[in-house]
Amino acid sequence: MGNETSSPEARYKKELLKLSWRLVLTVQEQAASELASKDLSRVSDVSQNTEAKAEAKFKVPGQDVIRPFHEDFMEQFFKYCPDLKSKFPSNYTLVSKMIQSFVSNAIVGSDLHRLYRKYGKSHIKYDLTADHFQGFSGALVDTIQSRLGKFGTIELIKIWRLTTDAIVKGMEKEYLKAKKRGK
């Protein structure tokens with residue numbers, strides 16, 4: 001991703017990825033901020049009834065409740081790879097932060113090979129298959145698409161799919177190398 005920025009088309013795609021990823025993260029930050037402020041108001045207002053508490057979730061007009069990124073991603077991921085659910089930590093927040101950081105670095109082209117190697121080494125213990133890597137890519141695109149809403153055009157989602165597929169191929173290659181060295 002970092003080396004092919006010479007053509008105008010590649011630069012255009014990279015900017016679309018950056019902008020749309022920023023939008024995905026902004027939605028995440030707004031949801032977290034709104035939920036945090038609602039939690040504070042609930043603590044200070046003990047007279048609130050249960051129905052009002054249930055309605056206190058952050059909503060975007062015309063959309064359902066916006067959940068934290070990691071909840072949406074993990075739901076999608078476990079549709080693709082239900083066999084991995086037991087291998088994940090119960091607190092998905094750390095996983096979410098790692099994914100967000102990894103994707104952000106991948107978009108800007110920050111030393112992807114180093115990121116892939118680190119991923120490969122840290123995931124040997126999970127005995128992953130090609131389907132798991134494809135599940136990761138599919139879940140990430142599905143989550144991004146749902147968070148972009150009407151801004152997630154067909155062309156933009158195609159770019160995301162190509163990008164996540166390239167990221168996953170790099171991750172899988174380094175994972176297989178690390179697994180081979182580990183045996």
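Preceding block: the structure.
Since the structure is predicted, the reported quantities are computational estimates derived from the model, not experimental observations. (Residues numbered from 1 in each chain as written. Predicted model: local features only at pLDDT ≥ 70, side-chain atom pairs only at ≥ 80, totals over all residues. Heavy atoms only, no water.)

1. Details of the overall build of the chain
In terms of regular secondary structure, the chain is built from seven helices and zero strands. Starting at the N terminus and walking to the C terminus, you meet the elements of the chain as α-α-α-α-α-α-α. Excluding contacts between residues fewer than 6 apart, the proportion of contacts in the chain whose partners are at least 24 apart in sequence is 73%. (Helix = DSSP H or I, 4+ residues; strand = E, 2+ residues; numbered from the N terminus. Contact = heavy atoms within 4.5 Å.)

2. Focus on unusual backbone geometry
One non-glycine residue, Asp 127, adopts positive backbone phi at about 50°. You can call Asp 127 partly exposed: its relative accessible area is 45%. (Buried < 20%, exposed > 50% of the residue type's maximum accessible area, 1.4 Å probe, protein only.)

3. Examining the side chain of Gln 76
In this fold, Gln 76 is placed in helix 3 (residues 69-80). When its relative accessible area of 17% is taken as the criterion, Gln 76 is described as buried. Once residues within four sequence positions are removed from consideration, Gln 76 is found in contact with Ala 139, Asp 142 and Thr 143.

4. Description of the pattern of salt bridges
With the rule as written, the count across this model stands at five salt bridges. One salt bridge in this structure joins Arg 147 and Asp 72, with 2.5 Å as the shortest N-O distance. With Arg 147 in helix 6 (residues 130-148) and Asp 72 in helix 3, this residue pair connects regions lying 75 residues apart in the sequence. Taken individually, Arg 147 and Asp 72 each receive the classification buried, so the pair is uniform in this respect. (Salt bridge = Lys/Arg side-chain N within 4 Å of Asp/Glu carboxyl O.)

5. Considerations on the packing of helix 4 (residues 93-108) against helix 5 (residues 112-122)
Where helix 4 contacts helix 5, the two axes come as close as 10 Å, and the packing angle between them is 150°. The angle between helix 4 and helix 5 places the two elements in the roughly antiparallel class. The two elements helix 4 and helix 5 meet at a crossing, and its hand is left-handed. Across the interface between the two elements, Phe 102, Asn 105 and Ala 106 of helix 4 pack against Leu 112, Leu 115 and Tyr 116 of helix 5. Partitioned by chemical class, the residues of the contact of helix 4 with helix 5 number five nonpolar, one polar and no charged. (Axes fitted to C-alpha atoms, helices over the stretch in contact; angles between N-to-C directions. Parallel < 35°, antiparallel > 145°, perpendicular 65-115°, else oblique. Left-handed = near helix turned anticlockwise from the far one by under 90°. Nonpolar A, V, L, I, M, F, W, Y, C, P; charged D, E, K, R; others polar.)

6. Thoughts on helix 3
An ideal rise of 1.5 Å per residue puts 16 Å on 12 residues; helix 3 measures up with 17 Å between its terminal C-alpha atoms. The set of residues buried in helix 3 consists of Phe 69, His 70, Asp 72, Phe 73, Met 74, Gln 76, Phe 77 and Phe 78. (Expected span 1.5 Å × (residues − 1).)

7. Quick notes on the nonpolar core
Of all hydrophobic cores here, the largest spans 37 residues; its most connected members are Trp 21, Phe 73 and Phe 77. Listing elements by their share of this core, those giving two or more residues are helix 1 (8-44), helix 3, helix 4, helix 5, helix 6 and helix 7 (154-182). Ranked by the residues each element gives to this core, the list is headed by helix 7, at eight residues. Contacts of Phe 73, omitting those with residues within four sequence positions, involve Ile 99, Phe 136, Ala 139, Leu 140 and Thr 143. (Core = buried A, V, L, I, M, F, W, Y, C linked by side-chain atoms within 4.5 Å.)

No statement about biological role is implied by the geometric values presented.
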